Each structure stands twice: as structure tokens, then as C-alpha cells.
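Secondary and tertiary structure notes
The primary structure of each chain is shown beneath.
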Amino acid sequence: MTTGPVRTRTLEELAADAAARYAAANPLSQASFERSTNYLPGADTRTVNHYDPFPVTIVRGEGSRLHDLDGHVYVDFLNDYTAGLYGHSNPAIQAAIVEAAGRGLTLGGPSPNQQEFAELICRRFPSVERVRFTNSGTEANLMAVSLARAVTYREGVLVFDGAYHGGPLSFVGPDRRLNVPFPWTVADYNDAESARSLIAERATDLACVLVEPMLAGGGCIPGTRVFLNALRDATRRAGVLLIFDEVQTSRLAPGGLQEALDIHADLTTFGKYLGGGASFGAFGGRADLMDRFDPRRENHLSHPGTHNNNSLTMAAGLTGLRDVFTPDAVRRLTVRGDALRAALNGVAAARDAPVQVTGRGSIMTVHFQRAPIRRRTDVAHTPMAARDLFQLEMLLAGFYMARRGFVTVSLAHDDEDCDALVAAFDAFLARHAAAIDAALG
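Before going into details, it helps to say that this report is about the structure given with it. (Residues numbered from 1 in each chain as written. Predicted model: local features only at pLDDT ≥ 70, side-chain atom pairs only at ≥ 80, totals over all residues. Heavy atoms only, no water.)

**A word on the overall build of the protein chain**
Filter applied, for reference: What counts as a helix is a DSSP run of H or I of at least four residues, what counts as a strand is a run of E of at least two, and both are numbered from the N terminus. As a reference, a globule follows 2.2 Å times the number of residues to the power 0.38, and the radius of gyration itself is taken over C-alpha atoms. Whether two residues are in contact is decided by their heavy atoms, any of which lying within 4.5 Å being enough. Here, Shrake-Rupley sampling with a 1.4 Å probe gives the accessible areas, and only protein chains in the shown set may cover a residue.
In terms of helices and strands, the protein chain carries 13 helices and 16 strands. Against the compact-globule benchmark of 22 Å for 441 residues, the protein chain has a radius of gyration of 23 Å, which places it among compact chains. Summarising its shape, the C-alpha atoms of the protein chain cover approximately 95 × 55 × 45 Å along the three principal directions. Taking all contacts inside the protein chain whose residues are at least 6 apart in sequence as the whole, residues at least 24 apart take part in 72%. Accessible surface for the protein chain amounts to roughly 19100 Å². Of this, 52% is attributable to carbon and sulfur atoms.

So this is what it looks like as C-alpha cells:
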């Protein structure tokens, strides 16, 4: 009796099998998801939380661990897309929040914590001479761009394909109907000559360039020094303001990624982790620009916001930045993140797997491809089924991460957590690298 060749299962079939095992392991989360669809479109109020067949429902977090409704425990390597830099339930931040809550939640006026927090941010980030607080990085970017348009008396804004600056400021995908209706010019990331030419050509109507020093939502693609220097030089010559969105990358060095690169923007935006895990955003920069918000000035610009300086965020943010995320802690976290990324890439190289992990410091993304990655369109080489399979298998193995392969390291992680992730990654490649390679052709 003869038998034919054994057919290799496709990536799509492997992902479907993983999805079936995942669904069988999470019946309570599935029921919660289905019930929530009656009241929340897609069962949630944050699009990025969704992945097929349904997301697990998280019930609590402790340190570097998350617990779901079905009783599973995960090592959290997503950390709420960098907002959870301190891990879960950091005791110093918890104590600060409890103390602040005891003094009152909405005091409706300046507070000592606000003053000290602002002073600390200005000392830590060299390009920030003055700062104002908001409730999110989205608000911070909107205010920074609006300030640039107001002070330059120009309308246009240059951004880059693959950038995410907030819900109405997203350039990651083709559908941009929900973006604010500013006159956008969208250029290719890491293309220094194109950006330089666009800034020169449109200088008379260009208010600012808004850029992430490393594309985060676009795939953790670091901006090259040549590219970012070109933006700095070209904007200075044209009288255009340069805004660095450091909502995520400010964690990569004590003074943000711009300090590490020695390239300083006119305005900088912050968010996520700087609020200690509470809702937070901030924008700051040159004193002559930020002082336009000083109410003592004639014709000052108005910047209201009921919860801009809310008690919980001021307490959590100040305590975190002052007592926990010290400059030494920043450096240690960056070293740990670099080491993890190098180990993951080392495993892939040892298996000759079609994988590369891009990023910097404690922020990275896993891409299943061999083609070089310099801009958003380059990551299209990664098959979606490979991302599906990887995330589902990692969840089943006890590691929480995003469908797009986004991975972050928090202060709560230790070497054991990172080593366990590397081992799980190696096991995943042992099982599936051949199928991924076949899908890439």
C-alpha cells in the first residue's frame, strides 16, 4: 500500500486550529464578549482591544501578571500599549492615589502636586521649558498642532504614513475619515530627501511637522538619525515648528528619545505611562511658544479642560516619575528591553526563521518576514495569518500581547519573565517557522 506525500498545513489552517483551541479554553470570556455586543459596538469601547475570535476579559493585574475571567494567568508583555510601564498595582503609585483620593477628587484649582510634577517634567526633558497637562496623548497632539497653527498663522501639517498620534490623528491605515480636517500632507517615513523637499516647497503654508522619533503603531520602526536631523534642519530653515510625539518614546532615555539622539524639537507631546497609569497627556516646549497660554498676556490662547490637573493623575504621575521611574530606572529598563529584542532576534537567526524584531529599548514589534523594514508599507510583507497564529499561540502559552506583534517591557518584569518569553518564542518557531516561510514564498 502506498501513500501520497503529507500535505503541509497552511498558515490559515494553523491559525484556525489555534483559534478553536483558544475558544475552547475561554468560554467565560466568550460569553462576556457576546453579551457585551448588545451594548457596546464590537463589545468594547476601544478598537485596539479587539482580536478574533474574541478577546479575553481581564479581571485584575498584579505586578507583571494579568488574570482573566476563565482563571488563566498571563505574563503581560503588552502593558496597555506602554501605558502600564509601572506594571500592575505598583505600591508607591497605589499609595499616592489613595492619599490623593482622601483629599478630594475634583478640587477645581491649582495644587502643589501639579506644580512639582510640571517642574520635574521640565527638568527631565531638556527641550521642555514650559508644559501644560491634558487627559490623553491625543489631546496633547491636538493642542500642540493647534498651537503651531495659531502662532505661525499657517494651516498645513506634515505627518508620516504609519504614524499614530491619537484616534482622530491616525495615519496607520488608508481610512482617515475620522481624522480632524486639518490640511494634512502625508510623507514617507525615513525618507529624508522627500521630507526636506516637501518642507521647503510648502513652507509658506506649513505650520508644523508632527513626527514620532520611532513609529510605534506603524511597527516600531526607529527613525534614522539622518531622517530626523533632516526634519530638524529643514523646519528651522523654513520657520516651521517641529513637534516630536514622544507619548511612547519618552520612556527610552531619561530625557526622551530626542535626548538620546541629541535632536531637540520645538514642541514635545507626552502621554500614557507618565500619568502613572491614570489618564494623562501633556505638551510642552519652548517658553516663547508655551507662554502664549499665559492668561496674564493680552490676547492669550485659551486651554481649558476640567480634568487636566485632576488629583489622581497629578499624584500618580508625580510619584511615578520622581520616586519610581528615576533616570537610573530608565536606563535599566532600556538595557533589559534591548537585551530581550536581541535574544528574540538571536533565536530567529539560529533557526534561520523569517522573523525580525524591530524597535528600541523596551518597545518592539515582531514581524514575520525577511524583507527590510524602514517604513509602514514595508511591514505588509508579514502575512496576517502569521500574526494571528503567533498571538493566539502566545496567549495559550500564557503570554499577553497584541495581535500586531507589539511587545513592551515594564518595570515589573524580571529576567525570568523575559527568558520565559524567549523560550516560548523559540518553541513557536520550532513548530511554525516552516509554514511561515512557505507562506512567504
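**Things to note about the side chain of Ser 362**
Selection criterion: Polar contact is the term for a pair of N or O atoms within 3.5 Å; when the atoms are in protein, one must be able to donate a hydrogen and the other to accept it, and sequence-neighboring residues count only if both atoms are side-chain atoms.
Here Ser 362 is to be found in the loop between strand E13 (356–360) and strand E14 (363–367). A polar contact is formed between the side chain of Ser 362 and the side chain of Arg 251, at a distance of 2.8 Å. Ignoring anything within four residues of it in the chain, the contact list for Ser 362 reads Arg 251, Leu 252, Leu 333, Gly 337, Val 407, Thr 408 and Val 409.

**Structural notes on the packing of helix H11 (residues 327–350) against helix H13 (residues 415–440)**
Let me state the cut-off plainly: All axes here are fitted lines through C-alpha atoms, helices being fitted over the stretch that makes contact, and every angle between N-to-C directions spans 0 to 180 degrees. Angles are sorted into four bins: roughly parallel if under 35 degrees, roughly antiparallel if over 145, roughly perpendicular if 65 to 115, and oblique for all others. Handedness of a crossing is defined here by the sense of rotation of the near helix relative to the far one, left-handed for an anticlockwise turn of less than a right angle and right-handed for a clockwise turn. For this scheme, ten residues count as nonpolar: Ala, Val, Leu, Ile, Met, Phe, Trp, Tyr, Cys and Pro. Four count as charged, namely Asp, Glu, Lys and Arg, and the remainder, Gly too, count as polar.
Closest axis-to-axis distance for the H11/H13 pair is 10 Å, and the angle between their directions is 20°. In this view, H11 runs roughly parallel relative to H13, as classed from their interaxial angle. Relative to H13, H11 is oriented so that their crossing is right-handed. Across the interface between the two elements, Arg 336, Leu 340, Ala 343, Leu 344, Val 347 and Ala 348 of H11 pack against Asp 415, Cys 418, Leu 421, Val 422, Phe 425, Asp 426 and Leu 429 of H13. Among the residues forming the contact of H11 with H13, the class breakdown is 10 nonpolar, no polar and three charged.

**What to know about the pattern of salt bridges**
Definition in use: Should a side-chain nitrogen of Lys or Arg be within 4 Å of a carboxyl oxygen of Asp or Glu, the pair is scored as a salt bridge. Note on classification: 1.4 Å probe, protein chains only; a residue is buried when its accessible area is under 20% of the maximum for its type, exposed when over 50%, partly exposed between these limits.
Overall, the coordinates contain 27 salt bridges when judged by the stated rule. As a salt-bridge pair, Arg 21 and Glu 393 come within 2.9 Å of each other at their nearest N and O atoms. Here Glu 393 lies in helix H12 (residues 384–396) and Arg 21 lies in helix H1 (residues 11–25), a separation of 372 residues in the sequence. Across the salt bridge formed by Arg 176 and Asp 161, the nearest N and O atoms sit 3.1 Å from each other. In this pair, Arg 176 sits in the loop between strand E5 (156–160) and strand E6 (184–187) while Asp 161 sits in the loop between E5 and E6, placing the two residues 15 residues apart along the sequence. Assessed through its relative accessible area of 29%, Arg 176 is described here as partly exposed.

**Let's talk about the sheet that holds strand E11 (residues 267–271)**
To be explicit about the condition: Paired strands are those between which DSSP finds at least two bridges.
Ordered by their spatial adjacency, seven strands build an open sheet running E4-E12-E11-E10-E7-E5-E6, and the pairing between neighbours is mixed. Either end of the sheet is taken by a strand with one partner, and the two such strands are strand E4 (130–134) and E6. Averaged over all adjacent pairs, the angle separating strand axes in this sheet is 20°, with direction ignored. In the sheet, E4 pairs with strand E12 (residues 281–285) via five bridges, with the strands oriented antiparallel. Looking at the pairing, Phe 133 lines up with Ala 282 of E12. On the sheet, helix H6 (residues 192–201) packs against E5, E6 and strand E7 (206–211) and is oriented at approximately 175° with respect to E5. Seen against the sheet, helix H7 (residues 225–238) touches E5, E7 and strand E10 (241–245) and runs at an angle of roughly 165° to E7.

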